[in-house]
Amino acid sequence: MTQETLNDQRMETSAAPSAESGWGWGRWVAIALGFIVAIAVGFIAYHQVQVSDPYIQSVLALEGDVDRGQDIFRLNCATCHGLEASGEVGPSLQGVSERKSRVQLIQQVVSGGTPPMPQFQPNARDMADLLEFLETL
Ligand code: HEC
């Protein structure tokens, strides 16, 4: 065997596995992309469902009255969150609208999040007023 044929053989054997692993990478990338797309589509769909919820829609369509919202807050929420919303049993709600979107705030009130926060069922008008007040905190 000459030196040249040995080199040829080396080239062949080293080229074969790298071609195979190239294909393997492609498959993993495709699977990973598939997952990312599936998760993204899931998030978007979930968000759309929330925003298109008729109750949330009707609350967001109304313009809230801050003073009425404050009354509603004092009657229903102040026992736990404090008269000035600075926290008692429940956490302080100061600046809460910077942490939570309008949709999230509505959901917190109607779903109660985790106990002991109760679930409220305010009509859209009351919820809009309350939301307006929460956004002043
Ligand atoms: C029985 C006590 C209680 C009452 C009444 C109550 N809450 Fe709460 N609330 C809590 C507790 C405890 C938490 C924290 C646990 C959680 O996230 O569910 C909380 C959390 C929250 C949060 C989320 C705060 C954050 O930093 O993310 C918001 C907003 C909120 N409440 C608003 C209200 C509003 C508005 C009302 C009146 C309609 C109300 N709560 C009535 C106990 C209460």
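Source: prediction; values computed, not measured.

Draft legend 1. Structural detail: the packing of aromatic side chains. What the rule picks out here adds up to one aromatic pair. Taken together, a centroid distance of 5.2 Å and an interplanar angle of 45 degrees make the contact between phenylalanine 73 and phenylalanine 133 tilted. Taken together, the residues span a long stretch of sequence, with phenylalanine 73 in helix H3 (residues 66-76) and phenylalanine 133 in helix H7 (residues 124-134) at a distance of 60 residues. Residue phenylalanine 73 shares its accessibility class with phenylalanine 133, and that shared class is buried.

Draft legend 2. Here's a closer look at the coordination of the iron atom of the ligand. Protein coordination at the iron atom of the ligand: the donors are His81 (NE2) and Met117 (SD), at 1.9 to 2.0 Å from the metal. Metal-centred angles of 87 to 178 degrees between the six donor atoms at the iron atom of the ligand mark the site as octahedral. Here histidine 81 is found in helix H4 (residues 78-81), whereas its partner methionine 117 is found in the loop between helix H6 (102-111) and H7, with 36 residues between them in sequence. Taking the relative accessible area as the measure of exposure, histidine 81 reaches 10% and is therefore buried.

Draft legend 3. Expanded view of the site of the ligand. Around the ligand, the structure places 22 residues, and the nearest of them are Cys77, Cys80, His81, Arg99 and Met117. Contact between the ligand and arginine 99: an oxygen atom at 2.7 Å from a side-chain N or O atom of the residue. Contact distances for the ligand include 3.0 Å between an oxygen atom and a side-chain N or O atom of lysine 100. For the shell around the ligand, the secondary structure elements donating two or more residues are H4, helix H5 (96-99), H6 and H7. Here the shell around the ligand takes three residues from H6, the largest share from any one element. Tallied by class, the residues present in the shell around the ligand amount to 13 nonpolar, seven polar and two charged.

Rules used throughout
Residues numbered from 1 in each chain as written. Predicted model: local features only at pLDDT ≥ 70, side-chain atom pairs only at ≥ 80, totals over all residues. Heavy atoms only, no water. Phe/Tyr/Trp six-rings, centres within 6.5 Å; stacked < 30°, edge-to-face > 60°. Helix = DSSP H or I, 4+ residues; strand = E, 2+ residues; numbered from the N terminus. Buried < 20%, exposed > 50% of the residue type's maximum accessible area, 1.4 Å probe, protein only. Donors = N, O, S within 2.8 Å, 3.2 Å for Na, K, Ca; no water. Tetrahedral: all angles 85-135°; square planar, octahedral: opposite > 155°, others 65-115°. Near = heavy atom within 4 Å. Polar contact = N/O pair within 3.5 Å; in protein donor to acceptor, adjacent residues only side chain to side chain. Nonpolar A, V, L, I, M, F, W, Y, C, P; charged D, E, K, R; others polar.

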